[in-house]
Amino acid sequence: MIIARTILETKNYLKSHCTKTIGFVPTMGALHNGHIELIKRAVNENEISVCSVFVNPTQFNNPDDLKKYPRTLEADLLLLEAAGCDLVFAPSAEEMYSQNPILKLDFGDLEHIMEGEFRPGHFNGVGIVVSKLFHIVKPTKAYFGQKDIQQVAVINRLINDLSFDLEMVVCETIRENDGLAMSSRNRRLSDDARKLAPKIYESLLLGKKLLQEGNSPDNTFSKIKEYYDNIEEIELEYYKITSAESLAELSNFDPKNKTALILAAYLDGVRLIDNLIF
Ligand SMILES: Nc1ncnc2c1ncn2[C@@H]1O[C@H](COP(=O)(O)OP(=O)(O)OP(=O)(O)O)[C@@H](O)[C@H]1O
Ligand SMILES: CC(C)(CO)[C@@H](O)C(=O)[O-]
Ligand code: BAL
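Residues numbered from 1 in each chain as written. Chains lettered and ligands numbered in written order. Predicted model: local features only at pLDDT ≥ 70, side-chain atom pairs only at ≥ 80, totals over all residues. Heavy atoms only, no water.

(A) Quick look at the domain arrangement of the protein. Each assigned domain of the protein is listed with its residue range as follows: domain 1 (2-171) and domain 2 (184-277). Overall, the association of domain 1 and domain 2 removes approximately 1,700 Å² of surface from exposure, summing both partners, and the carbon and sulfur fraction of that is 57%. The largest per-residue losses of area from domain 1 upon contact with domain 2 belong to Met-114, Phe-118 and Ile-149, which jointly make up 34% of the total buried on that side. At the surface where domain 1 touches domain 2, the tally comes to three salt bridges. The residue Arg-188 makes a salt bridge to Asp-65 at a minimum N-O spacing of 3.7 Å. There are ten residue pairs in polar contact (both at pLDDT 80 or more) connecting domain 1 and domain 2. At the level of elements, α3 (63-68), α6 (114-118) and α8 (149-161) are the ones that each hand at least two residues to the side of domain 1 that touches domain 2. (Domains from an automatic or database assignment. Buried area = accessible area lost by both parts, 1.4 Å probe. Salt bridge = Lys/Arg side-chain N within 4 Å of Asp/Glu carboxyl O. Polar contact = N/O pair within 3.5 Å; in protein donor to acceptor, adjacent residues only side chain to side chain. Helix = DSSP H or I, 4+ residues; strand = E, 2+ residues; numbered from the N terminus.)

See the structure below:
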């Protein structure tokens, strides 16, 4: 496995080694099995597999979140090597941003809901770094997790609007045995908070059950609010009942159409997101 720190090394390696297909997994490191599933698919489905490990400062609206974001490069490299990854691109912020970008990306309605609403500027940062990474790696297929459902919608628009010549592959959310969605930020949870964390996924299962039993989205939301009011340690930021296609909020539930329940919540000062599609 090659570890490249610069854009030039990455491009040169890919120019000299790749004749057919490149599978690419962009990450912010602190890797877990959710990431590794993405890497394994990239390894299996392409001639060359590339993983980027870069905690992108421009997508953090909260400086404390950026400062505390787990960084475990040594352990990440061991996991990537074991998964069969060919090339790791782990640049510094200076390498990625020799100049502060003046370009601004605006993803329309997606900027004003959920992650867009609560993390202003987040998708501009994601859009710019992912565009830069796509230009550097030139992947045939790029792998993203369903856990970041709104990010999937944003990257889809990015690929379409900027005519990136690649296929986006969306992979299901990998969970711990107790249902908690794997996430790098889970490492920041105290033992007590970790024990409570599966309540987040349980609230998605409860929402699904309530809707399928005939409760309206409004009624379901009230019951979910009550559920969280009874768990002092978890602060719900949002819980949306949406169309899985458009991510627009639903006023009626129709079991014939795909629905997505999407939430963000704080536990122990750590912000976690999750969703359920059915
Ligand atoms: N549990 C998971 N299952 C499947 N894919 C995942 C999972 N967690 C993260 N991913 C995907 O891995 C890619 C890199 O994500 P990232 O490095 O931000 O990890 P993360 O665990 O989502 O971290 P955090 O949510 O704490 O930022 C993204 O496409 C993300 O959707
Ligand atoms: C896609 C990404 C690597 C861009 O920094 C990040 O948003 C993530 O890890 O999901
Ligand atoms: N997985 C999304 C990256 C972030 O939280 O900034």
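From this point, the discussion proceeds with the structure in view.
(B) Highlighting the layout of surface pockets. Roughly 900 Å³ of internal volume is contained in the largest pocket. In this structure, the largest pocket is lined by 49 residues; those nearest its centre are His-35, Gly-145, Lys-147, Asp-148 and Gln-151. Listing elements by their share of the lining of the largest pocket, those giving two or more residues are β2 (22-27), α2 (33-45), α6, α7 (122-137), β5 (141-145), α8 and β9 (270-277). The leading source of residues in the lining of the largest pocket is α7, at six residues. When residues of the lining of the largest pocket are sorted by domain, at least three fall in each of domain 1 (2-171) and domain 2 (184-277). (1 Å grid on protein atoms, 1.4 Å probe; cavity = no way out; pocket = protein on both sides within 12 Å on 5 of 7 lines; lining within 4 Å. Points joined across faces, edges and corners; volume = space filled by probe spheres on them.)

(C) Highlighting the packing of helix α1 (residues 7-17) against α7. Running from N to C, α1 and α7 point in directions that differ by 40°, and their axes come no closer than 9 Å. In terms of orientation, α1 lies oblique with respect to α7. Within the contact between the two elements, α1 uses Ile-7, Thr-10, Lys-11 and Leu-14 and α7 uses His-135, Ile-136 and Val-137. Taken together, the residues of the contact of α1 with α7 sort by class into four nonpolar, two polar and one charged. (Axes fitted to C-alpha atoms, helices over the stretch in contact; angles between N-to-C directions. Parallel < 35°, antiparallel > 145°, perpendicular 65-115°, else oblique. Contact = heavy atoms within 4.5 Å. Nonpolar A, V, L, I, M, F, W, Y, C, P; charged D, E, K, R; others polar.)

(D) Representation of the site of ligand 3 in the model. In the neighbourhood of ligand 3, the contacting residues comprise Met-28, Gln-59, Arg-119, His-122, Asp-148 and Arg-185. In the model, an oxygen atom of ligand 3 is placed 2.9 Å from a nitrogen or oxygen of the Gln-59 side chain. Arg-185 is positioned such that a nitrogen or oxygen atom in its side chain is 2.9 Å from an oxygen atom of ligand 3. Contact with the protein chains hides 84% of the accessible area of ligand 3, taken as 220 Å² for the molecule alone. Split by residue class, the shell around ligand 3 holds one nonpolar, two polar and three charged. (Near = heavy atom within 4 Å. Areas by Shrake-Rupley, 256 points an atom, 1.4 Å probe, with all protein chains shown as cover.)

(E) Broad picture of the site of ligand 1. Lining the immediate environment of ligand 1, one finds 20 residues, of which His-32, His-35, Asp-148, Ser-184 and Arg-185 sit closest. The separation between an oxygen atom of ligand 1 and a polar main-chain atom of Met-28 is 2.9 Å. Here Met-182 contributes a backbone N or O atom positioned 2.9 Å from a nitrogen atom of ligand 1. Coverage of ligand 1 by the protein chains reaches 96% of its 590 Å² of free accessible surface. Every element with two or more residues in the shell around ligand 1 is listed here: β2, α2 and β5. Here the shell around ligand 1 is built from residues that sort into seven nonpolar, nine polar and four charged.

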